[in-house]
Amino acid sequence: MVLPLVKLGSLAFRTLSKPIAARLKFSAGIHPKFRGFIIGLAQANHRFTTNMQRRVYGHATDVHIRPLNEEKAIQAAADLLGELFVFSVAGAAIIYEVQRSARSEAKKEEALKKEMESMHQQKNTK
């Protein structure tokens, strides 16, 4: 029962991230400072992932990594920010659920403690 709901939620988050990514691409075309920021973000992510892949496959990491062209960088940054949005919403949902579960457990434990105290008091009054 839980697994289909998780898959459905994941699909909903991914669907929500697509318009956000499209909006980021649109904003990058209008605002030059934002465009520079997301291009820099994409280039840094590209260098990081390329170096990590080279390390995993045992290739040299001191090689110059060619930067992405502007259009690919904007697309990569929009995708990255969209995925970060999805991840942060999913993370917030998990944190909320864990906290809700902890509060529920604390309430159950408190009720059990009160019940034990009342039973102890009844036993002592006899």
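Residues numbered from 1 in each chain as written. Predicted model: local features only at pLDDT ≥ 70, side-chain atom pairs only at ≥ 80, totals over all residues. Heavy atoms only, no water.

**Here's the deal with helix 2 (residues 32–56)**
Keep this limit in mind: Strands here are runs of E lasting at least two residues and helices are runs of H or I lasting at least four, both read from the DSSP assignment and numbered beginning at the N terminus. For a helix, the expected span equals 1.5 Å multiplied by the residue count minus one. Exposure is judged per residue with a 1.4 Å probe applied to protein chains only, and the accessible area is read against the type maximum: over 50% gives exposed, under 20% gives buried, and values in between give partly exposed.
With 25 residues, helix 2 should cover 36 Å at 1.5 Å per step; its first-to-last C-alpha distance of 36 Å lies within 8% of that length. Restricting attention to buried positions, one finds in helix 2 the residues I38, I39, A42, Q43, H46 and T50. Within two residues after helix 2, G58 carries a phi angle of roughly 80°, on the positive side.

**Remarks on a negative patch on the surface**
Note the cut-off: Patches here: salt-bridge-free residues with over 30% relative accessible area, like charges joined within 9 Å, nonpolar side chains (Val, Leu, Ile, Met, Phe, Trp, Tyr) joined within 5 Å. Note on areas: Shrake-Rupley with a 1.4 Å probe; residue coverage comes only from the protein chains shown. In what follows, salt bridge is the name for a side-chain nitrogen of Lys or Arg lying within 4 Å of a carboxyl oxygen of Asp or Glu. Asp and Glu count as negative and Lys and Arg as positive, but His and the ends of the chain are not part of the count. Just so you know, the charge point we use is NZ for Lys, CZ for Arg, CG for Asp and CD for Glu.
A surface patch of negative charge is lined by E105, E109, E110 and E117. Take E105: it is sitting in helix 3 (residues 70–125). Owing to a relative accessible area of 46%, E105 belongs among the partly exposed residues under this scheme.

**Details of the nonpolar core**
Put simply, the rule is: Nonpolar core, defined: a set of buried Ala, Val, Leu, Ile, Met, Phe, Trp, Tyr and Cys residues in which side-chain atoms within 4.5 Å join the residues together. Here a residue-residue contact requires only that any non-hydrogen atoms of the pair lie within 4.5 Å.
By size, the foremost hydrophobic cluster in this structure holds 7 residues: A28, I38, I39, A42, A73, I74 and A77. Of all the secondary-structure elements, those providing two or more residues to this core are helix 2 and helix 3. Those residues in contact with I74 that lie beyond four places of it in its chain are K25, A28, R35, I38 and I39.

**Concerning helix 3**
Threshold: By the criterion applied in these results, polar contacts are pairs of N or O atoms within 3.5 Å in which, for protein atoms, one can donate a hydrogen and the other can accept it, and in which residues neighboring in sequence qualify only through two side-chain atoms.
Spanning 56 residues, helix 3 covers 81 Å between terminal C-alpha atoms, matching the ideal 82 Å at 1.5 Å per step. Along helix 3, the residues that are buried comprise A73, I74, A77, A78, G82 and V86. Looking at where helix 3 begins, the residue whose side-chain oxygen comes 3.2 Å from the main-chain nitrogen of E71 is N69.

**Overview of the pattern of salt bridges**
Evaluated as defined, the whole model comprises 2 salt bridges. Of the charged contacts, one joins R35 and E70 as a salt bridge, the two residues approaching to 2.9 Å between their closest N and O atoms. Of this pair, R35 sits in helix 2 while E70 sits in helix 3, and the two are 35 residues apart along the sequence. For E70, a relative accessible area of 46% corresponds to the partly exposed category. With its nearest N and O atoms 2.5 Å apart, the salt bridge here joins E97 to R100. Within this pair, E97 and its partner R100 are both found in helix 3, separated by 3 residues, close to a single helical turn.

**Describing the side chain of Q43**
The residue Q43 is located in helix 2 in this model. You can call Q43 buried: its relative accessible area is 10%. Separated by 2.8 Å, the side chain of Q43 and the backbone oxygen of L68 make a polar contact. Setting aside residues no more than four positions away along its own chain, Q43 makes contact with P67, L68 and A73.

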